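The lines below spell out each chain.
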Amino acid sequence: YGIDTKTEIVISPEDDAELRRIRITNKTGLVKTIEVTSYAEIVLASQSSDEAHPAFSNLFVETMIAPEHKAIFSTRRPRSEEEQPPWAFHLMDAYGVKVEAISFESDRMAFIGRGRDLTNPSALDNELLKGGQGAVLDPIFSIRYRLTIKPNQVATIDLIYGVAETKAACENLLHKYRDSHLK
């Protein structure tokens, strides 16, 4: 349909972070409005713990939408006073185009919908994601951007995921990889 997409994926060699850059080029003579929606399931537990009891493990994860950062944060509620649970974040940002709307979701059931699955989630039927956050039953990271791309214009969308020991450390990673010098 006249839209060219290229994706680059990089794992940081120095931080627990993954960067995905998507370049979308409108090769038509028409202005196009498109939506880009990310989706990732949150674990924040060891692989063996998650595989043994995934539903139980998810009960301890809490999410926080931070529109001022264009991000979602998550952590585990500690099981004891000594436990220092990890924090994670997902950021999406767009450059070079007009952003019409940004929305967020962190509740998998709200994203997928009753009687549906990931091949046809109800979230794709709606203009905006619902914005669920907190102690949801099955946590996810999902951010949607609605963009207007002019003819021959290139939209650059960055998706950044990271894990750190504290929320402040996650915010530092978020700012580090959003750095304009990395563009």
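What counts, and where the lines are drawn
- Residues numbered from 1 in each chain as written.
- Predicted model: local features only at pLDDT ≥ 70, side-chain atom pairs only at ≥ 80, totals over all residues.
- Heavy atoms only, no water.
- Helix = DSSP H or I, 4+ residues; strand = E, 2+ residues; numbered from the N terminus.
- Buried < 20%, exposed > 50% of the residue type's maximum accessible area, 1.4 Å probe, protein only.
- Polar contact = N/O pair within 3.5 Å; in protein donor to acceptor, adjacent residues only side chain to side chain.
- Salt bridge = Lys/Arg side-chain N within 4 Å of Asp/Glu carboxyl O.
- Phe/Tyr/Trp six-rings, centres within 6.5 Å; stacked < 30°, edge-to-face > 60°.

**Things to note about the side chain of Asp 158**
Relative to the assigned elements, Asp 158 resides in strand β10 (residues 154–164). A residue is classified by how much of its surface remains accessible, and Asp 158, at 5% relative accessible area, is buried. A distance of 2.7 Å separates the side chain of Asp 158 from the side chain of Arg 21, its partner in a polar contact.

**Let's talk about the pattern of salt bridges**
On inspection of all chains with the given rule, the structure shows 16 salt bridges. For the salt bridge of Glu 35 with Arg 146, the shortest nitrogen-to-oxygen distance reads 3.3 Å. Here Glu 35 is found in strand β3 (residues 32–37), whereas its partner Arg 146 is found in strand β9 (residues 139–149), with 111 residues between them in sequence. A relative accessible area of 15% places Arg 146 in the buried class. In this structure, Asp 93 and Lys 70 form a salt bridge, with 3.1 Å as the shortest nitrogen-oxygen distance. Of the two residues, Asp 93 is situated in strand β7 (residues 87–95) and Lys 70 in the loop between β5 (61–66) and β6 (71–76); the sequence distance between them amounts to 23 residues. You can call Asp 93 buried: its relative accessible area is 6%. Counted as one network, the salt bridges with shared partners bring together Glu 35, Glu 127, Arg 144 and Arg 146.

**Considering unusual backbone geometry**
Leaving glycine aside, a negative phi is the common case for residues, and trans is the common case for peptide bonds. Here the phi dihedral of Lys 70 falls at roughly 60°; this positive angle occurs in a residue that is not glycine. Judged by relative accessible area, Lys 70 falls into the partly exposed class, the value being 28%. Backbone geometry at Asn 152 places phi at a positive 60°, although glycine is not the residue there. Looking at the element boundaries, Asn 152 is found in the loop between β9 and β10.

**Observations regarding the packing of aromatic side chains**
Tallying each qualifying case throughout the model produces one aromatic pair. On the numbers, 5.0 Å between centres and 40° between planes, the contact of Tyr 39 with Phe 111 is tilted. Placement of Tyr 39 in the loop between β3 and β4 (40–41) and of Phe 111 in helix α3 (residues 108–112) is noted, with a sequence separation of 72 residues between them.

Geometric values such as these leave the question of function open.
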